[in-house]
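If you want the building blocks of each chain, they are given just below.
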Amino acid sequence: MRSYFLTMSASINSASRWRRRVRGAWLKVHLWLALTLGFFFVVLGLTGSFNVFIHELEELGLPPVRHETGALPRSLDDILQTVRAAHPDKQGKWSLLLPGYGNDYLWAEYPKPTETADELYAPFRVLVDPYSGKIVAESYWGRTLWTLIYEVHAALMTGKIGPRVGRIGFNSVCFFGLFLFTSASTGLYLWWPRGGNFKKAVTVKRGASPERFYFDLHKTTGFYSSIILLILAFTGFSFGYADYIKPLVRVVSAVKDKHLQEPDVRSRLSAGARPISVARAVAVADRIFPDAELRGVETPDGKEGVYCISKRQAGEANRRWPRSKVWIDQYGGQILAVQDPNRFTGGETFLNVLWPLHSGEALGLAGRIVWCIVGLAPLLLYVSGLIRWRQKRRARRTARRPS
């Protein structure tokens, strides 16, 4: 009997030592990620908080859109004519984003202006009052405060050096998501109360010493933000490395790239053919999605270009950039392709919601507010973690000094 208890005691001690070694290893991983990449996490978190409301911030300070009760907005054809007349050098494709979900103005975007051709992404944007049809603001992406902040978040400003360097910067930022996921995961593991006292683990003790205060602040901030940080980290990684995620998704559900990518369609040019109006193209799309909300229009790019009409069906997680789309021949008005998220497989739906999960819009305004607040968490975690690390280092040095 005694030998049995001795064996059990040895097994328990061995398991305890193994858990301490595992915990120590994860603690080192968590620490070194914070020391080497913690500052970048702070930058991405703070800029991400602003980006959640970038359209509202971009329109901040502009005169409010006013119209009489019952007044109808100007037609998209009229607005497009106004924009093109103001910028005759910018022919070809324009993208129109209709008001709603944070933007009161209609946004017209020219995707590839020659003035910023040497940058990764820098379209020319025109804001138009949808009722008066007047142009109220113009800018190139990255030339305003809020788009500059977005550039920092997306590619650490490398996009301004050139498309190739910008792509490397973008992929690097996306790869940081893998490290953030590891940091949040290890932090959650280290937070888990070994004694089962969860109430103590999720509160900051009142009147505690500085050492205890910063320890509690770090662990509680990490706990309450961990789930959203894990979502942000994974979705951010997916934007640059979707090809690595799709095979994993295909294990449980089919994913057909053609359902998620832009179709390769062209308009059929014939002698004497004239382009149809935006209104007619929208009317054609209405036949496919009659009850959906019109959100955007892309005009044809060149003689073989097509109209792309974006509408949002009820329940779509993508609110600003929905995936209910119809591609239409610019001359005859024939439907060339349709994208309907209601027909996506489970795997395709999962990939489709990654962006609205990253931006918070999948959960509406409440989700965006929560996401904005959680963007501050990396700063709190970084500062409290550094302070606690320095406290522990001072304590160890003091303990080693001869008395």
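All values derive from a computational prediction rather than experimental measurement.

Undergrad: Looking at this structure, I do not really get the overall build of the protein. What am I missing?
TA: Each helix and strand counted, the protein has 14 helices and 8 strands in total. Here the protein holds 403 residues, and the buried ones make up 41% of them. A separation threshold of at least 6 residues defines the contact pool for the protein, and within that pool the share at least 24 residues apart is 63%. For the protein, the exposed surface amounts to about 22800 Å²; the carbon and sulfur share of it is 61%. Positive and negative side-chain charges in the protein, numbering 54 and 32 respectively, have mean positions lying 19 Å apart.

Undergrad: Any chance you could explain the sheet that holds strand 3 (residues 124–128) here in plain terms?
TA: Note: strands within a sheet are paired through backbone hydrogen bonds, in either parallel or antiparallel orientation. If you trace the 8 strands from one edge of the open sheet to the other, you get 4-3-2-1-5-6-7-8, paired in antiparallel fashion. Of all the strands in the sheet, just strand 4 (135–140) and strand 8 (335–339) have a single pairing partner and so form its edges. The mean inter-strand angle of the sheet, taken between neighbouring strand axes irrespective of direction, is 20°. Here 5 bridges tie strand 2 (residues 106–110) to strand 3, and the two strands are oriented antiparallel to one another. Looking at the pairing, W107 lines up with L127 of strand 3. Contacts between helix 10 (residues 278–288) and the sheet are confined to strand 5 (293–298), strand 6 (306–312), strand 7 (324–329) and strand 8, with strand 6 contributing the most and set at about 50° to the helix.

Undergrad: Mind showing me how you'd approach the packing of aromatic side chains here?
TA: To describe a pair of aromatic rings, you give the distance between the ring centres and the angle between the ring planes. Across all of its chains, the model carries 18 aromatic pairs by this definition. Plain terms: the ring middles of F39 and F40 are 6.3 Å apart, the flat faces sit at 70° to each other, and that makes the pair edge-to-face. Look at F40 and you get partly exposed, because its relative accessible area is 30%. With 6.2 Å between their ring centres and 45° between their planes, F234 and F350 make a pair best called tilted. Here F350 lies in helix 11 (residues 346–352) and F234 lies in helix 7 (residues 210–240), a separation of 116 residues in the sequence. Classification of F234 by relative accessible area gives partly exposed; the value is 30%.

Undergrad: I would appreciate a short explanation of the pattern of salt bridges in the present structure.
TA: A pair can form between side chains of opposite charge whenever their charged atoms are brought close. Tallying each qualifying case throughout the model produces 16 salt bridges. Salt-bridge contacts for E115 lead to K90; the nearest nitrogen and oxygen are separated by 3.2 Å. Here E115 is found in the loop between strand 2 and strand 3, whereas its partner K90 is found in the loop between helix 3 (76–86) and strand 1 (95–97), with 25 residues between them in sequence.

Undergrad: Any chance you could explain helix 14 (residues 377–400) here in plain terms?
TA: Note that an α-helix has 3.6 residues per turn; residues three or four places apart therefore point the same way. The terminal C-alpha atoms of helix 14 lie 34 Å apart, and with 24 residues this matches the ideal 34 Å at 1.5 Å per residue to within 8%. For helix 14, the set of buried residues is A377, P378, L381, S384 and Q391.

Undergrad: Is there a simple way to explain the packing of helix 4 (residues 145–155) against helix 5 (residues 163–191) in this structure?
TA: To characterise two packed helices, one gives the angle between the axes of the helices and the distance between these axes. Two elements in contact, helix 4 and helix 5, have axes separated by 6 Å at closest approach and are oriented at 70°. Taken as axis vectors, helix 4 and helix 5 run roughly perpendicular relative to one another. Residue-level contacts link H153, A154 and A155 of helix 4 to G166, G169, F170 and V173 of helix 5. Across the contact of helix 4 with helix 5, the residue classes tally to 4 nonpolar, 3 polar and no charged.

Undergrad: Looking at this structure, I do not really get a positive patch on the surface. What am I missing?
TA: Where like charges cluster on the molecular surface, the positive patch consists of R390, K392, R393, R394, R396, R397, R400 and R401. Mapped onto the elements of the fold, K392 is located in helix 14.

Undergrad: How should the nonpolar core be read in this particular structure?
TA: Within soluble globular proteins, side chains that are nonpolar tend to cluster in buried spots. Ranked by size, the top nonpolar core spans 27 residues in total, and within it W94, V297, Y307, I309 and I328 carry the most contacts. For this core, the secondary-structure elements that each account for two or more residues are helix 3, strand 2, strand 3, helix 10, strand 6 and strand 7. For this core, the leading source of residues is helix 10, giving 5 residues. Setting aside its immediate chain neighbours within four residues, I309 contacts A281, V282, A285, L294, G296, V297, S324, K325, V326 and I328.

Undergrad: What is the right way to look at unusual backbone geometry in this model?
TA: Trans peptide bonds make up most of the peptide bonds, and negative phi angles are found at most residues other than glycine. A positive phi is found at Y101, a non-glycine position, where the angle reads about 60°. Secondary-structure assignment places Y101 in the loop between strand 1 and strand 2.

Undergrad: Any chance you could explain the environment of V374 here in plain terms?
TA: Residue position: V374 is located in helix 13 (residues 364–374). Judged by its relative accessible area of 8%, V374 falls in the buried class. Between the C-alpha atom of V374 and that of S226, which follows or precedes it by 148 residues, the distance is 9.1 Å.

Undergrad: In this structure, what is going on with the side chain of N103? I would like to understand it.
TA: By the secondary structure assignment, N103 is in the loop between strand 1 and strand 2. In this structure N103 comes out as buried when scored by relative accessible area, which is 2%. A distance of 3.0 Å separates a polar side-chain atom of N103 from the backbone oxygen of L98.

Undergrad: Could you clarify how one ought to interpret the side chain of S310 in this entry?
TA: Relative to the helices and strands, S310 resides in strand 6. Judged by relative accessible area, which is 10%, S310 ranks as buried. With sequence-adjacent residues up to four places away left out, S310 is seen in contact with E293, L294, R295, G296, S324 and K325.

Undergrad: Could you clarify how one ought to interpret the pairing of strand 3 in this entry?
TA: Every other side chain in a regular strand lies on the same face of the sheet, so the side chains alternate between the two faces. Counting buried positions along strand 3 gives 5 out of 5 residues, so the element sits mostly inside the fold. Judged by which residues are buried, strand 3 turns out to be covered on both faces: F124, V126 and V128 on one side and R125 and L127 on the other are all buried. Where strand 3 and strand 4 come together, 5 bridges link them in antiparallel fashion. Each residue of the ladder has a partner; that of V126, found in strand 4, is E138. Where strand 3 folds back on strand 4, the antiparallel hairpin that results is connected by 6 residues, among which G133 adopts a positive phi of roughly 80°.

Rules behind the numbers
Residues numbered from 1 in each chain as written. Predicted model: local features only at pLDDT ≥ 70, side-chain atom pairs only at ≥ 80, totals over all residues. Heavy atoms only, no water. Helix = DSSP H or I, 4+ residues; strand = E, 2+ residues; numbered from the N terminus. Buried < 20%, exposed > 50% of the residue type's maximum accessible area, 1.4 Å probe, protein only. Contact = heavy atoms within 4.5 Å. Areas by Shrake-Rupley, 256 points an atom, 1.4 Å probe, with all protein chains shown as cover. Lys, Arg positive; Asp, Glu negative; His and termini not counted. Charge placed at Lys NZ, Arg CZ, Asp CG, Glu CD. Pairing = 2+ DSSP bridges. Axes fitted to C-alpha atoms, helices over the stretch in contact; angles between N-to-C directions. Phe/Tyr/Trp six-rings, centres within 6.5 Å; stacked < 30°, edge-to-face > 60°. Salt bridge = Lys/Arg side-chain N within 4 Å of Asp/Glu carboxyl O. Expected span 1.5 Å × (residues − 1). Parallel < 35°, antiparallel > 145°, perpendicular 65-115°, else oblique. Nonpolar A, V, L, I, M, F, W, Y, C, P; charged D, E, K, R; others polar. Patch = residues over 30% accessible without salt bridge, like charges linked within 9 Å, V, L, I, M, F, W, Y side chains within 5 Å. Core = buried A, V, L, I, M, F, W, Y, C linked by side-chain atoms within 4.5 Å. Polar contact = N/O pair within 3.5 Å; in protein donor to acceptor, adjacent residues only side chain to side chain.

These values are about where atoms sit, not about what they do.
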